Structure formats: C-alpha cells, structure tokens
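# Summary of structural features
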Amino acid sequence: MVCTYCGGETRVSNSRHQIKSNRVWRRRQCLDCQAVFSTEEAVNYERAWVVHNAKALKPFSRDKLFLSLHNSCQHRKTALRDAQGLTDTIIKKLPAYIEAGTLTNTAISRVALVALNRFDAVASAHYQAVHA
Ligand SMILES: [Zn+2]
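Residues numbered from 1 in each chain as written. Predicted model: local features only at pLDDT ≥ 70, side-chain atom pairs only at ≥ 80, totals over all residues.

In contact at an axis separation of 9 Å, helix α2 (residues 62–72) and helix α3 (residues 79–93) are set at 130 degrees when each is read in the N-to-C sense. The angle between the axes of α2 and α3 places the two elements in the oblique class. The chirality of how α2 crosses α3 is right-handed. Along its contact with α2, which presents Arg62, Leu65, Phe66, Leu69 and His70, the element α3 presents Ala79, Leu80, Ala83, Leu86, Thr87, Ile90 and Ile91. Of the residues that constitute the contact of α2 with α3, the class distribution is nine nonpolar, two polar and one charged. (Axes fitted to C-alpha atoms, helices over the stretch in contact; angles between N-to-C directions. Helix = DSSP H or I, 4+ residues; strand = E, 2+ residues; numbered from the N terminus. Parallel < 35°, antiparallel > 145°, perpendicular 65-115°, else oblique. Left-handed = near helix turned anticlockwise from the far one by under 90°. Contact = placed C-beta atoms within 7 Å. Nonpolar A, V, L, I, M, F, W, Y, C, P; charged D, E, K, R; others polar.)

Have a look at this one:
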C-alpha cells in the first residue's frame, strides 16, 4: 500500500491479528515523508456470502446484522459494544449454515436468537418480535 499523504512506498512497522473480530491491523510508515497511518484487513462478507430470502439472492450485509442487533439492545447502556460483540460471535457461527454457497435469512435469525438468548432475554424477545 502506498502512503495516504504523499503516495510514496510504505513499510509495515507493526501488525496485530484481532482474533475476536478476525481482522488484521497494521501500522505503516512512509519511506518518503515518514508519515504513520494504520490499515485494517477484514473479510469482505458482501462479496463472500450470499443470502437467500423468499424473493431473491442478496449479498450478506454485516451492517444489516449489526443494526438489527443494535436495535434489540437499545435498553442496554452498552448497546453499541454489545451489538459489535454479538455481530462478531454470530458471524463466526454462520459458515456452518452455508449450503450450496448461500445462507438463508432463517438460518441467520436462528443463529442470532441462540446468541441473544444466552446474552439478554429482553434483547432476544425484541429480536424475535421483529424477525419471527
Ligand atoms: Zn508519504
């Protein structure tokens, strides 16, 4: 990757695998202007996974899953952090439900509900009311 400031060559000075969210974080330094910036590498779920619902095939949306979990956690002060953690947990479990290259909305809801049931009964009831 080239420098975001001057377009010069960069080197990676530090790198960390964030196991929980399956991301790789890298600190980069420009060899020309010495600027320092960081990058993150993550799976592009929109390209990797397809979701089948009653009407059509659509790319999987991590944002959509996150928003529905965030809505379900509105009664919690830590809703943002909770929804991020739940999204990571659920996404890790979803590959087991991919059949013939596609996921179904039903499978996503089922996995989400199992995670929410363990996490918070109110959030689970809220999610179920919207997605059942
Ligand atoms: Zn530079």
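With that out of the way, let us pick up the domain arrangement of the protein chain. Many authors give the size of an interface as the accessible area that is lost as the parts come together. The assigned domain composition of the protein chain is domain 1 (10–41) and domain 2 (45–131). Look at where the C-alpha atoms of domain 1 and domain 2 centre, and you get two points 29 Å apart. (Domains from an automatic or database assignment.)

A separate point is the environment of serine 68. As for its placement among the helices and strands, serine 68 is situated in helix α2. Its 21 C-beta neighbours within 10 Å are what place serine 68 among the buried residues. Placed 20 residues apart in sequence, serine 68 and aspartate 88 show a C-alpha to C-alpha distance of 13 Å. If near-sequence neighbours (up to four positions away) are discounted, serine 68 is found in contact with Tyr127 and Val130. (Buried ≥ 20, exposed ≤ 12 C-beta atoms within 10 Å, placed from the backbone.)

Attention shifts here to the sheet that holds strand β6 (residues 102–104). One open sheet holds the three strands; their spatial order is β5-β4-β6, and the pairing between them is mixed. Edge strands, defined here as strands with exactly one partner in the open sheet, are β5 (57–59) and β6. Across the sheet, the mean angle separating the axes of adjacent strands is 40 degrees when strand polarity is ignored. Where strand β4 (residues 50–52) lies against β6, three bridges are found, and the strand directions are parallel. The residue bridging histidine 52 from the neighbouring strand is threonine 104, located in β6. Packing against the sheet, helix α4 (residues 105–119) makes contact with β4 and β6, and its axis sits at approximately 65 degrees to β6. (Pairing = 2+ DSSP bridges.)

In this structure, strand β1 (residues 10–18) lies alongside strand β2 (residues 23–30), joined through eight bridges in antiparallel fashion. Looking at the pairing, serine 15 lines up with arginine 26 of β2. Counting the residues between successive antiparallel strands, the hairpin from β1 to β2 contains four residues, one of them, asparagine 22, with a positive phi of roughly 50 degrees. Note: β2 against strand β3 (residues 36–41), six bridges, orientation antiparallel. Across the sheet, residue glutamine 29 finds its bridge partner in β3, namely valine 36. Counting the residues that bridge the hairpin from β2 to β3 gives five residues, and of these glutamine 34 lies at a positive phi of roughly 70 degrees.

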